[in-house]
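Commentary on secondary and tertiary structure
Here's the letter readout for the chains.
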Number of protein chains: 2
Amino acid sequence: MSEKIRVVVDAMGGDEAPQVPVQGAVEAMQENANICITLVGKEDVIREELAKYQYDTERMNIVHAEEVIGFDEPPVMAVRKKKNSSIVVGMNLVKHGEADAFVSAGSTGAILVGGQFVIGRIKGVERAPLAPLIPTAKGPSLLIDCGANVDARSSHLLQFAQMGSIYMEHVVGIKNPKVAIVNIGAEEEKGNMLVKETYPLLKECKDINFVGSIEARDIPRGDADVIVCEAFVGNVILKLYEGLAGTLLKKVKEGLMSSLRSKIGALLIKPALKKTLKEFNTSDHGGAPLLGLKGLVVKTHGSSEPRDVKMGILQCVQFTEQKINEKIKENLTVE
Amino acid sequence: MSEKIRVVVDAMGGDEAPQVPVQGAVEAMQENANICITLVGKEDVIREELAKYQYDTERMNIVHAEEVIGFDEPPVMAVRKKKNSSIVVGMNLVKHGEADAFVSAGSTGAILVGGQFVIGRIKGVERAPLAPLIPTAKGPSLLIDCGANVDARSSHLLQFAQMGSIYMEHVVGIKNPKVAIVNIGAEEEKGNMLVKETYPLLKECKDINFVGSIEARDIPRGDADVIVCEAFVGNVILKLYEGLAGTLLKKVKEGLMSSLRSKIGALLIKPALKKTLKEFNTSDHGGAPLLGLKGLVVKTHGSSEPRDVKMGILQCVQFTEQKINEKIKENLTVE
């Protein structure tokens, strides 16, 4: 039997905690017998929730954490002051080698800060990027970086490209993933100062499959597997993706409800539309990894469903079994 | 009778020149008796095209320009070398006071470069931003800047906010338009260096209605009328808008064609869907103005239809009659 993968799950994280994280954790354990779960959060609340399920008690632990970091708390302050929060306690388990990974649907800011300051970066990694998968017409692409550390340097972006490439190849399973940098034109001489400095570094880098610039227009078409950008730009892309898809679909739905004729039509197209939109969805691939840390941190959406949490946990198994951090250590360009 | 508005139209610009610009120009003249048009480009080609229409010959001129700047030519070089191109000849007419405005569906890069170097900026304007209208759930919002001058400073962004505000109020007709800056969070302390420097300038500026930060997620909802950002970010937003809407609608259409049931449904919903998507469209408001120049330059989409060119020309009327440049000169913060 192969070694157990130990995943800490933030039982207090997300809009529907503890129900969603607890259910997701139980389902992940049921799906993979190699997973050991530690639920971190208020013990009495977790026990009450766990009582609803049947599960292998040998592989389930609870670690009590009295505090919870809210979505609207300033992250640096919250992580520093709330030493007994589920995020800080959970990350400390990873830091001290008592767990391999930490999964949370809690405050993105606190998770980013905690990842850097509690768990810490792998030696040589200059910044730990947050790298969500975004849906495209050809499947998911990794958007790296969407974190909170803006104003990156070119050496950071080179490392993002390398880490993203390793992740897409060994966790998502895309062979020789195409790496592109977000730019405002296809030509090498285009771009802002950061892109102009980064482009030659990516071009010279032997261990990635760099395909050049990608304009934002071509991202949804799936022209690249790893999309490298500075965090401010990555955040704009990620949020606009969510916002625009939401607004467009809302408009379409309003249109469909506008007459009897279109209402009947809507009933007929519903199954086909549902299938289509499901293809344009990435939750099957788990949450967004925070890469380059001494242990894996996975951020799932604040409005995650149990399935998302489960997929986030299974992603940790793949990450640990594939020894992604060893691969990052071996391949990273360190100045 | 009020004074005539003299608009130069690039007859060679866009994917379907000269048909589209010539037809658009004729239609604009028919709609507004105060417009005088100068078509610039290859005279024989223009004459042949004009022969198809009935129009007031008194208000229509042709100025010959032998050369055409292509979409793939490096803009600075093209504007410098092709002195006899339709873009450079047309802009020179504005520069020398022989016309009020220039409308083109040609190379964005060449139009931006020509605007700055041929026509020139209003005294005190540090940069001339390109400001397209983007569709939102509540109508169009002005996205300023989407041009080619990246790595802006905070003083540029302040001027963008002021010019954008004047434009939305007096050309588009939004009273006291809400101005927001693109950011990665709603709080004042969030953002990259540029945003942190710009935020207090916008907050202190008395002549704009600054409402704070806007996250990219909230742009499609129409939470702000004037969306201020640096050109790299603006370009990403604009292109992603196009790309994502295109990919999503293609996916939806594929879904609708996937079964007989959904095909019948598609027929029933078609009129309602068409109406909905038409609401989510900005071509009624003309093209994107390049603001802060001594004359107005309007860039319409490369794949413009005659209606887009017509609306771009009518926009010049509004711009000139409302004395937008005088308003900009009066209101701009100059360091």
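From a predicted model like this one, the values you see are computed outputs, not experimental measurements.

**Looking at the overall build of chain A**
Per the secondary structure count, chain A includes 11 helices and 11 strands. Its C-alpha atoms give chain A a radius of gyration of 20 Å, near enough to 20 Å, the size a compact globule of 335 residues would have. In terms of its C-alpha atoms, chain A occupies a principal-axis envelope of roughly 65 × 60 × 40 Å. Considering chain A as a whole, with its 335 residues, one finds that 59% of them fall into the buried category. Put simply, of all contacts in chain A between residues at least 6 apart along the chain, 73% involve residues at least 24 apart. Accessible surface, chain A: about 14300 Å² in total, of which carbon and sulfur atoms supply 50%. One way to put it: in chain A the 41 positive side-chain charges average out to a point 3 Å from where the 43 negative ones average out.

**A look at the sheet that holds strand β10 (residues 288-290) of chain B**
Residues and elements named next belong to chain B. Spatial ordering of the open sheet is given by β3-β2-β1-β4-β11-β10, a layout of six strands whose pairing is mixed. Two strands lie at the open edges of the sheet, namely β3 (60-64) and β10, each paired on one side alone. Taken over all neighbouring pairs, the strand axes of this sheet differ in orientation by 25° on average, direction set aside. Bridge count for strand β2 (residues 35-41) against β3 is five bridges, and the pairing is parallel.

**Overview of the relation of the copies chain B and chain A**
In the superposition of chain B on chain A (RMSD 0.1 Å, axial shift 0.0 Å), the rotation amounts to 180°. Both copies are brought into coincidence by an operation consistent with a two-fold rotation axis. In terms of C-alpha distance to the rotation axis, chain B has B:G265 as its closest residue, with the C-alpha 1.9 Å off the axis. Comparing interface residues between copies, 100% of those in chain B also sit at the interface in chain A, which points to an isologous, same-surface contact.

**Quick notes on the interface of chain B and chain A**
With 48 residues of chain B at the contact, the number on the chain A side is 48 residues. When chain B packs against chain A, the two sides together hide about 4800 Å² of surface, and 76% of this comes from carbon and sulfur. Considering only the side of chain B, the residues that lose the most area to chain A are B:I184, B:F232 and B:K251, jointly responsible for 14% of the buried surface there. Between the two partners, chain B and chain A, sit four salt bridges. Between B:E242 and A:R217 there is a salt bridge; the shortest N-O distance is 3.3 Å.

**Things to note about the packing of helix α6 (residues 154-172) of chain B against helix α11 (residues 324-331) of chain B**
All names here are of chain B. In the contact formed by α6 and α11, the axes pass within 10 Å of each other and the chain directions differ by 145°. Judged by the twist between their axes, the crossing of α6 over α11 is right-handed. When α6 is examined against α11, the residues Q162, M163, I166, H170 and V171 are found in contact with a partner set consisting of I324, K327, I328 and N331.

**Side note on the sheet that holds strand β6 (residues 141-144) of chain A**
All names here are of chain A. With mixed pairing, the five strands of this open sheet are ordered in space as β5-β6-β9-β7-β8. Of all the strands in the sheet, the pair left with one neighbour each is β5 (133-134) and β8 (209-215). Its contacts with the sheet put helix α8 (residues 231-256) on β5, β6 and β7 (178-183), and the angle it makes with β6 is roughly 135°.

**Let's talk about the packing of aromatic side chains**
All names here are of chain B. Considering all chains together, one arrives at four aromatic pairs over all chains under this definition. On the basis of an interplanar angle of 45° and a centroid distance of 6.2 Å, the ring pair of Y167 and F319 is categorised as tilted. Of this pair, Y167 sits in helix α6 while F319 sits in helix α10 (residues 306-321), placing them 152 residues apart in sequence. On the basis of relative accessibility, which here comes to 1%, the residue Y167 falls in the buried class. Between Y199 and F210, the ring centres sit 5.1 Å apart and the planes meet at 80°, which makes this aromatic pair edge-to-face. Taken together, the positions of Y199 in helix α7 (residues 193-204) and F210 in strand β8 (residues 209-215) put the pair 11 residues apart, joining distant regions of the chain. We note that Y199, like F210, is buried.

**Some remarks on the confidence of the model for chain A**
Taken over all residues, the pLDDT of chain A has a mean of 91, while the share at 70 or more is 97%. With a pTM of 0.90, the predicted complex shows an ipTM of 0.88.

**Description of the packing of α6(B) against α7(B)**
All names here are of chain B. The geometry of α6 relative to α7 is characterised by a closest axis approach of 9 Å and an angle of 45° between their N-to-C directions. On the basis of their axis angle, the class for α6 and α7 is oblique. The handedness of the crossing between α6 and α7 is right-handed. Only L194, E197, T198, L201 and L202 of α7 make contact with α6, whose side of the interface consists of S154, S155, L157, L158 and A161. Of the residues that constitute the contact of α6 with α7, the class distribution is six nonpolar, three polar and one charged.

**Let's talk about the pairing of strand β4 (residues 101-104) of chain B**
Residue and element names in this part refer to chain B. Residue alternation in β4 divides its side chains into two sets, A101 and V103 and F102 and S104, and both sets are buried. Strand direction decides the pairing type here: β4 and strand β11 (residues 296-299), joined by four bridges, are parallel. Paired with A101 across the strands is L296, a residue of β11.

**Details of the environment of B:V118**
All names here are of chain B. The residue V118 is located in helix α5 (residues 108-119) in this model. With a relative accessible area of 11%, V118 lands in the buried category. In this view, V118 contacts V79, V88, M91, N92, K95 and V113; residues no more than four positions away in its chain are not counted.

**Digging into the pattern of salt bridges**
Tallying each qualifying case throughout the model produces 28 salt bridges over all chains. Here B:K138 makes a salt bridge to B:D223, at a shortest N to O gap of 3.7 Å. On the criterion of sequence distance, the pair formed by B:K138 in the loop between β5 (133-136) and β6 (139-144) and B:D223 in the loop between β8 and β9 (226-228) is long-range, its members being 85 residues apart. The class of B:K138 is exposed, set by a relative accessible area of 60%. Through salt bridges with shared partners, a single ionic network connects A:K138, A:D218, A:R221 and A:D223.

What counts, and where the lines are drawn
Residues numbered from 1 in each chain as written. Chains lettered and ligands numbered in written order. Predicted model: local features only at pLDDT ≥ 70, side-chain atom pairs only at ≥ 80, totals over all residues. Heavy atoms only, no water. Helix = DSSP H or I, 4+ residues; strand = E, 2+ residues; numbered from the N terminus. Rg over C-alpha atoms; globule rule 2.2 N^0.38 Å. Buried < 20%, exposed > 50% of the residue type's maximum accessible area, 1.4 Å probe, protein only. Contact = heavy atoms within 4.5 Å. Areas by Shrake-Rupley, 256 points an atom, 1.4 Å probe, with all protein chains shown as cover. Lys, Arg positive; Asp, Glu negative; His and termini not counted. Charge placed at Lys NZ, Arg CZ, Asp CG, Glu CD. Pairing = 2+ DSSP bridges. Axes fitted to C-alpha atoms, helices over the stretch in contact; angles between N-to-C directions. Least-squares fit on C-alpha atoms with pLDDT ≥ 70 in both. Buried area = accessible area lost by both parts, 1.4 Å probe. Salt bridge = Lys/Arg side-chain N within 4 Å of Asp/Glu carboxyl O. Left-handed = near helix turned anticlockwise from the far one by under 90°. Phe/Tyr/Trp six-rings, centres within 6.5 Å; stacked < 30°, edge-to-face > 60°. pLDDT = per-residue confidence, 0-100. Parallel < 35°, antiparallel > 145°, perpendicular 65-115°, else oblique. Nonpolar A, V, L, I, M, F, W, Y, C, P; charged D, E, K, R; others polar.

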